[in-house]
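Structure assessment
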Amino acid sequence: MAISAKYVHTNLIAEDWQALSKFYQKIFGCVPCPPERDYRGEKITAGSGVPDAHLRGEHLLLPGFGEDGPTLEIFNYNMMEERVATAVNRPGFAHIAFSVPDVEKAQKMVLEAGGHAVGEVVTMQNARGAEVTWCYVTDPEGNIIELQAWSG
């Protein structure tokens, strides 16, 4: 039997949490969910497993869900591990996805805001026969985003 659960948030660890937050606000219409977070102390160190952890950041309401919907949590730790190269086929969490009206226009906006293209814009049928146009891009820090638009 499954646990009674509700999806709450996805976390991104950013080198510059304020700049990355502004990117998601500008490009996807995410809205800050105050207050800003500033956590440190024994409980944060114990819970995170990071010695002397201090993290700062904020939650952003995701578009299309309202004030009680899931959030994108963007934080920064005082001590950061080295970032590995971006790859869509790395095991683990791969990307976040946004439905957009026009994939090519959204891709252009992401690129103009400091993101990068990962692959090409393509249109294909999914396993249920629906047509989807999509592409992968990254945000300015290299996190992968899928942009998608469905037909019919």
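This text follows the structure it describes.
This report concerns the structure included in the present document. Values in this document were obtained by computation on a predicted structure and should not be read as measured data. (Residues numbered from 1 in each chain as written. Predicted model: local features only at pLDDT ≥ 70, side-chain atom pairs only at ≥ 80, totals over all residues. Heavy atoms only, no water.)

Each helix and strand counted, the protein has three helices and nine strands in total. Seen in sequence order, the protein has helices and strands lined up from the N terminus as β-α-β-α-β-β-β-α-β-β-β-β. In terms of overall dimensions, the protein has C-alpha extents of about 50 × 40 × 30 Å along its principal axes. Here the protein holds 152 residues, and 36% of them are scored as buried. Residue pairs at least 24 apart in sequence account for 56% of intrachain contacts in the protein once pairs closer than 6 positions are excluded. Taken as a whole, the protein presents about 10000 Å² of accessible surface, with 53% of it coming from carbon and sulfur. (Helix = DSSP H or I, 4+ residues; strand = E, 2+ residues; numbered from the N terminus. Buried < 20%, exposed > 50% of the residue type's maximum accessible area, 1.4 Å probe, protein only. Contact = heavy atoms within 4.5 Å. Areas by Shrake-Rupley, 256 points an atom, 1.4 Å probe, with all protein chains shown as cover.)

This part takes up the environment of A46. In this fold, A46 is placed in helix α2 (residues 42-48). The class of A46 is exposed, set by a relative accessible area of 60%. When the C-alpha atoms of A46 and Y77 are compared, they prove to be 14 Å apart, with 31 residues separating the residues in sequence.

With that settled, consider the pairing of strand β8 (residues 131-138). Burial within β8 is extensive, with seven of its eight residues counted as buried. Two strands pair when backbone bridges link them, and strand β6 (residues 116-117) and β8 are joined in this way by two bridges, in the antiparallel orientation. Bridge pairing in β8 links H116 to T138. Bridge count for strand β7 (residues 122-125) against β8 is four bridges, and the pairing is antiparallel. Along β8, the bridge assignment pairs Q125 with E131. Two successive antiparallel strands, β7 and β8, enclose a turn made up of five residues, where G129 displays a positive phi of approximately 90°. Across eight bridges, the pairing between β8 and strand β9 (residues 144-151) is antiparallel. Each residue of the ladder has a partner; that of T138, found in β9, is I144. Counting the residues between successive antiparallel strands, the hairpin from β8 to β9 contains five residues, one of them, G142, with a positive phi of roughly 95°. (Pairing = 2+ DSSP bridges.)

A sheet is described by the order of its strands in space; here four strands give the open sequence β1-β4-β3-β2, paired in mixed fashion. Since the sheet does not close on itself, it has two edges, and those belong to β1 (9-13) and β2 (31-40), each with one partner. The sheet shows a mean angle of 20° between the axes of neighbouring strands, direction not considered. Examined bridge by bridge, β2 and strand β3 (residues 54-61) share seven bridges and lie antiparallel to one another. Pairing of V31 across the sheet is with L61, part of β3. Relative to the sheet, helix α1 (residues 17-28) contacts β1, β2, β3 and β4 (71-77), its axis offset from that of β3 by approximately 5°. (Axes fitted to C-alpha atoms, helices over the stretch in contact; angles between N-to-C directions.)

With that out of the way, let us pick up the nonpolar core. Core analysis: the largest hydrophobic core is formed by 24 residues, its most contacted members being Y24, F28, L72, I74, F98, I145 and L147. Going through the elements one at a time, α1, β4, β5 (96-99), α3 (103-112), β8 and β9 are the ones with two or more residues in this core. (Core = buried A, V, L, I, M, F, W, Y, C linked by side-chain atoms within 4.5 Å.)

Following P34, the chain continues to P35 via a peptide bond in cis, the omega torsion being 5°. The phi dihedral of D52 falls on the positive side, at around 55°, and the residue is not glycine. Within the secondary structure, D52 sits in the loop between α2 and β3.

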